[in-house]
Amino acid sequence: MAVKDRDRFSTTTRIKLLGEQTAARVYRSQTKRQARRSRLTGRAALLALVVCTLVVALAYPIRQYVSQRAEIADLQREKAQAAERVEKLRDLKARWQDDAYAEQQIRQRLHYVLPGETGFVVVDPDAARQSRTDFGAADRPWYANVWDGVDKSDASDR
C-alpha cells in the first residue's frame, strides 16, 4: 500500500488526473456547442436565406399589384359615375326636346311673357330694407365697410 500512497501524490499521477479533468471539461463544452449548433443547420440557414431573398424580390411587385388593383377599382367607380351622368344628361336633353318644358323653363329663368300677358317681379322687402340701411356706410371708416362686406358674404354662404 505504501506504493499506492506514493503514486497518489506523485507528479505524474497529478498531471494525469488534471489531464483527465480537463479532457472531461473540454468534452462537456464541445457537446454543449454541438447542441447549440445543431439547432441551426446548414440546410436551415440556406432555407432562411432563400425565403428572405424571395420576400425581398417579391415585395415591390406585390406592392405594385395592390396599388394597381386599387387604381382599377377607382377607375371603375369613376366609369360608373360617368355613365350615370351621361344618362342624366340624355334625360335632360330629351326633356328640352319637349316644347312645353322649354317654354316653362324660358318663362321661369328668363322672365319672358307671351304677348298680352303682364309680367311682375316681386322684390323681397327684407332685401330692400337692408339696402336702405347701407346708406350710413359713408360715415364710417373704409375698413369697417370692408369687414361688413366680408361678414355679409360669409352669412350669405350659410
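Residues numbered from 1 in each chain as written. Predicted model: local features only at pLDDT ≥ 70, side-chain atom pairs only at ≥ 80, totals over all residues. Heavy atoms only, no water.

Chemist: Looking at this structure, I do not really get the side chain of Gln-105. What am I missing?
Modeler: On the secondary structure map, Gln-105 appears in helix 4 (residues 99-110). Among all residues touching Gln-105, those that are not within four sequence positions of it are Trp-96 and Leu-110. (Helix = DSSP H or I, 4+ residues; strand = E, 2+ residues; numbered from the N terminus. Contact = heavy atoms within 4.5 Å.)

Chemist: Mind showing me how you'd approach the confidence of the model for the protein here?
Modeler: Predicted coordinates in regions of low pLDDT should not be interpreted in detail. In this model, the protein carries an average pLDDT of 83, and 80% of its residues clear a pLDDT of 70 or more. Per-element confidence in the protein is highest for helix 3 (residues 42-97), whose mean pLDDT is 95, and lowest for helix 1 (residues 2-8), whose mean pLDDT is 56. (pLDDT = per-residue confidence, 0-100.)

Chemist: I tried to follow unusual backbone geometry on my own but got confused; where do I start?
Modeler: At His-111, a position not held by glycine, the phi torsion is positive, near 60°. Checked against the element boundaries, His-111 lands in the loop between helix 4 and helix 5 (125-133).

Chemist: Honestly, the packing of helix 3 against helix 4 in this entry has me stumped. Any pointers?
Modeler: What describes two packed helices is the angle between their axes and the distance between those same axes. Two numbers describe how helix 3 lies on helix 4: the axes approach to 5 Å, and their chain directions differ by 90°. When the axis of helix 3 is compared with that of helix 4, the two are roughly perpendicular. From helix 3, Leu-92, Arg-95, Trp-96 and Gln-97 reach across to helix 4, where they touch Asp-99, Tyr-101, Ala-102, Gln-105 and Arg-109. For the contact of helix 3 with helix 4, the residue count by class is four nonpolar, two polar and three charged. (Axes fitted to C-alpha atoms, helices over the stretch in contact; angles between N-to-C directions. Parallel < 35°, antiparallel > 145°, perpendicular 65-115°, else oblique. Nonpolar A, V, L, I, M, F, W, Y, C, P; charged D, E, K, R; others polar.)

Chemist: Explain the pattern of salt bridges to me, please; I cannot follow it from the model alone.
Modeler: Should their charged atoms come close, side chains of opposite charge can pair. For the coordinates displayed, the defined rule picks out five salt bridges. Residues Glu-103 and Arg-107 are paired through a salt bridge, measuring 3.6 Å at the closest nitrogen-oxygen approach. With Glu-103 and Arg-107 both in helix 4 and four residues apart, this pair spans about one turn of that helix. Overall, Glu-103 belongs to the partly exposed group, its relative accessible area being 40%. (Salt bridge = Lys/Arg side-chain N within 4 Å of Asp/Glu carboxyl O. Buried < 20%, exposed > 50% of the residue type's maximum accessible area, 1.4 Å probe, protein only.)

Chemist: Hey, could you run me through helix 3 in this one?
Modeler: Note that an α-helix has 3.6 residues per turn; residues three or four places apart therefore point the same way. The first and last C-alpha atoms of helix 3 sit 82 Å apart over 56 residues, in line with the 82 Å expected at 1.5 Å per residue. A bend of about 35° at Ala-59 is the largest found in helix 3, and the proline Pro-61 appears one to four places after it. (Expected span 1.5 Å × (residues − 1). Bend = angle between axes of the 7 residues up to and from the residue.)

Chemist: It is not clear to me how helix 4 should be interpreted in this structure. Could you clarify?
Modeler: Under the 1.5 Å per step criterion, the end-to-end length of helix 4 is 16 Å for 12 residues, consistent within 8% with the ideal 16 Å. Taken together, the buried positions of helix 4 are occupied by Tyr-101, Ala-102 and Gln-105. Looking straight down helix 4, one finds its buried side chains confined to an arc of 95°; they lie on one side. Looking at the buried positions of helix 4, the neighbouring elements they touch are helix 3. Following helix 4 by one or two positions, His-111 has its phi on the positive side, about 60°. (Arc of directions from axis to C-beta.)

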